[in-house]
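# Observations on chain architecture
Residue-level listing of the chains:
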Amino acid sequence: MGRNLIETIMGAVVLAVAAFFLAFAYTHANVKKIEGYEVTATFASVGGLDTGADVKINGIKVGTVLAQSLDPVTYDAVVKLSVAHGIKLPADTQASISSEGLLGGKFVKLTPGKSQAMIAAGGALGPSKNFKSIEEMVGQL
């Protein structure tokens, strides 16, 4: 009888520690969707970018990819982004799709320009750099 009680207590301790680690990882992993204003960017290819991917400026997460669609006229990929309210983007901000390493996920990298005019909510980013996959780069060599 005493052995079952000890096993039950140890099981409860293990579950409590696991719950603590999950809560700690969730609060420190920065996986929450950033609420903000929406802007769009147009790319010739998104190269495996997923909805929910990060939007970063100089490596700092400032937004989230909300949706992707295809422009029926130009057949370009149109990506809708959410950018934090505190971040005001100059009108000549350039968007590109980058990878977090060889096996890492894709994210949208924003390079702010020097314009004094700012992009309003619902606006479009300036020219974007097209994504080239590793396969395309090796094929060009």
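This report concerns the structure included in the present document.

## Description of the overall build of the protein chain
Each helix and strand counted, the protein chain has two helices and seven strands in total. Counting from the amino terminus, helix and strand elements in the protein chain follow one another as α-β-β-β-β-β-β-β-α. Expressed as a percentage of the 141 residues in the protein chain, the buried residues total 26%. Considering only contacts in the protein chain between residues 6 or more positions apart, those separated by 24 or more positions represent 62%.

## What about the nonpolar core?
If you look at the biggest cluster of nonpolar residues, it comprises 22 residues, and the most contacted ones within it are Leu49, Val65, Leu81, Leu89, Val108, Leu110 and Leu125. When residues of this core are traced back to their parent elements, those giving at least two are strand S1 (36-43), strand S2 (54-57), strand S3 (60-70), strand S4 (77-84), strand S5 (94-99) and strand S6 (106-111). Beyond its immediate chain neighbours, meaning those up to four positions away, Leu89 contacts Tyr37, Ile57, Val83, Leu110, Ala117, Met118, Ile119 and Leu125.

## Re the pattern of salt bridges
Taken as a whole and judged by the stated rule, the model has two salt bridges. For Lys80, the salt bridge identified is with Glu38, shortest N-O distance 3.9 Å. Linking Lys80 in strand S4 with Glu38 in strand S1, this pair joins segments that are 42 residues apart in sequence. Exposure remark for Lys80: the relative accessible area of 34% places this residue in the partly exposed category. Between Asp54 and Lys61 there is a salt bridge, with the nearest N and O atoms lying 3.3 Å from each other. Residue classification places Lys61 among the buried positions, given a relative accessible area of 15%.

## Considering the sheet that holds S5
Taken together, the seven strands give an open sheet; going across it, the order is S1-S4-S3-S2-S6-S5-S7, and neighbouring strands pair in mixed fashion. Unpaired on one side and paired on the other, S1 and strand S7 (128-129) mark the two borders of the sheet. Here S5 pairs with S6 via six bridges, running antiparallel. By the bridge assignment, Ala95 is partnered in S6 with Leu110.

## Quick notes on the pairing of S4
When you tally the buried positions in S4, you get six out of eight residues, the bulk of the element. Bridge analysis of S1 against S4 gives eight bridges, and the strand direction is antiparallel. Across the sheet, residue Gly36 finds its bridge partner in S4, namely Ala84. Here S3 pairs with S4 via seven bridges, running antiparallel. Each bridged residue has a counterpart across the sheet, and for Ser69 the counterpart in S4 is Val78. Linking S3 to S4, which pair antiparallel, is a turn of six residues; within it Tyr75 sits at a positive phi near 60°.

Analysis parameters
- Residues numbered from 1 in each chain as written.
- Predicted model: local features only at pLDDT ≥ 70, side-chain atom pairs only at ≥ 80, totals over all residues.
- Heavy atoms only, no water.
- Helix = DSSP H or I, 4+ residues; strand = E, 2+ residues; numbered from the N terminus.
- Buried < 20%, exposed > 50% of the residue type's maximum accessible area, 1.4 Å probe, protein only.
- Contact = heavy atoms within 4.5 Å.
- Core = buried A, V, L, I, M, F, W, Y, C linked by side-chain atoms within 4.5 Å.
- Salt bridge = Lys/Arg side-chain N within 4 Å of Asp/Glu carboxyl O.
- Pairing = 2+ DSSP bridges.

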